[in-house]
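Topology and contacts: notes
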Amino acid sequence: MNLIAELEAEQIAALGKTIPDFKAGDTVRVGYKVTEGTRTRVQNYEGVVISRKGGETLGASFTVRKISFGEGVERVFPLYSTNIDKIEVIRRGRVRRAKLYYLRDRRGKSARIAEVSNYKPKAAKADANA
């Protein structure tokens, strides 16, 4: 592993965040910290992940798309942001590509994503290295 990757791995470990295993096509609920004046609250944003970029690096991000009052709304979240309270996977989607930008042009039934019925979580990295 090169020096930059080692430094990034240290910083990610120092954050102490547990990121669930999710990919494009999964429906997630992101608890995002919103500050209004002096008060801070957690606002949930639930939608389909249409892309992930940056891999497992510190600068990684993911895009979530939802339909709000008949309009498609997309939001990009930094994966290791301190403003993200939690990420919950609601449904696992069965898709055949990494970026689902085609969903922007679809409405109704054609925008549906089939659910994975036989999902197996990835083996933990500690187990893979042992």
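You'll find the structure just up there.
Presented here is an overview of the structure given in this document.

Scoring rules and cut-offs
- Residues numbered from 1 in each chain as written.
- Predicted model: local features only at pLDDT ≥ 70, side-chain atom pairs only at ≥ 80, totals over all residues.
- Heavy atoms only, no water.
- Helix = DSSP H or I, 4+ residues; strand = E, 2+ residues; numbered from the N terminus.
- Contact = heavy atoms within 4.5 Å.
- Areas by Shrake-Rupley, 256 points an atom, 1.4 Å probe, with all protein chains shown as cover.
- Pairing = 2+ DSSP bridges.
- Axes fitted to C-alpha atoms, helices over the stretch in contact; angles between N-to-C directions.
- Salt bridge = Lys/Arg side-chain N within 4 Å of Asp/Glu carboxyl O.
- Buried < 20%, exposed > 50% of the residue type's maximum accessible area, 1.4 Å probe, protein only.
- Expected span 1.5 Å × (residues − 1).
- Core = buried A, V, L, I, M, F, W, Y, C linked by side-chain atoms within 4.5 Å.

**Remarks on the overall build of the protein**
Regarding its fold elements, the protein presents 2 helices and 5 strands. Reading the protein from its N terminus to its C terminus gives the helix and strand order α-β-β-β-β-β-α. The principal-axis extents of the C-alpha atoms in the protein amount to approximately 45 × 45 × 25 Å. Looking at the protein alone, contacts between residues at least 24 apart form 54% of all its contacts between residues at least 6 apart. Split by element, the accessible area of the protein, about 9,200 Å² in all, is 50% carbon and sulfur.

**Some thoughts on the sheet that holds strand β1 (residues 27-36)**
Reading across from one edge, β4-β3-β2-β1-β5 is the order of the 5 strands in this open sheet, with antiparallel pairing throughout. The sheet is open, and its two edges are formed by β4 (71-78) and β5 (84-91), each paired on a single side. In this sheet, neighbouring strand axes are inclined to one another by 40 degrees on average, regardless of whether the strands run parallel or antiparallel. Bridging between strand β2 (residues 39-53) and strand β3 (residues 61-68) involves 5 bridges; their strand directions are antiparallel. Directly across from K53, in β3, lies its bridge partner S61.

**So, the pattern of salt bridges**
Per the counting criterion, the structure on display carries 9 salt bridges. Between R92 and D26 there is a salt bridge, with its nearest N and O atoms 3.5 Å apart. Note that R92 is positioned in the loop between β5 and α2 (125-129) and D26 in the loop between α1 (3-15) and β1, a separation of 66 residues in sequence. There is no split in this pair, since R92 and D26 are both buried.

**Observations concerning the side chain of T27**
Of note, T27 is situated in strand β1. Classification of T27 by relative accessible area gives buried; the value is 10%. Setting aside residues up to four positions removed in sequence, T27 forms contacts with E46, G47, V48, E88, V89, I90 and R91.

**Notes on unusual backbone geometry**
Its identity is not glycine, yet F69 carries a phi of approximately 55 degrees, on the positive side. Relative to the assigned elements, F69 resides in the loop between β3 and β4.

**A closer look at α1**
Helix length check: α1 (13 residues) gives 19 Å between terminal C-alpha atoms against 18 Å at 1.5 Å per residue, within 8%. Residue G16 follows α1 closely and has a positive phi angle near 70 degrees.

**Digging into the nonpolar core**
In terms of nonpolar packing, the biggest core is built from 15 residues, with F62, V64 and F77 touching the most fellow members. For this core, the elements supplying multiple residues, two or more each, are β1, β2, β3 and β5. If one sorts the elements of this core by residue count, β1 sits on top with 3 residues. Ignoring any residue separated from it by four or fewer positions in sequence, one finds F62 in contact with F22, V30, S51, R52, R75, V76, F77, L79, I84 and I87. If you look at the next biggest cluster of nonpolar residues, it comprises 5 residues, including I50, L100, L103 and I113.

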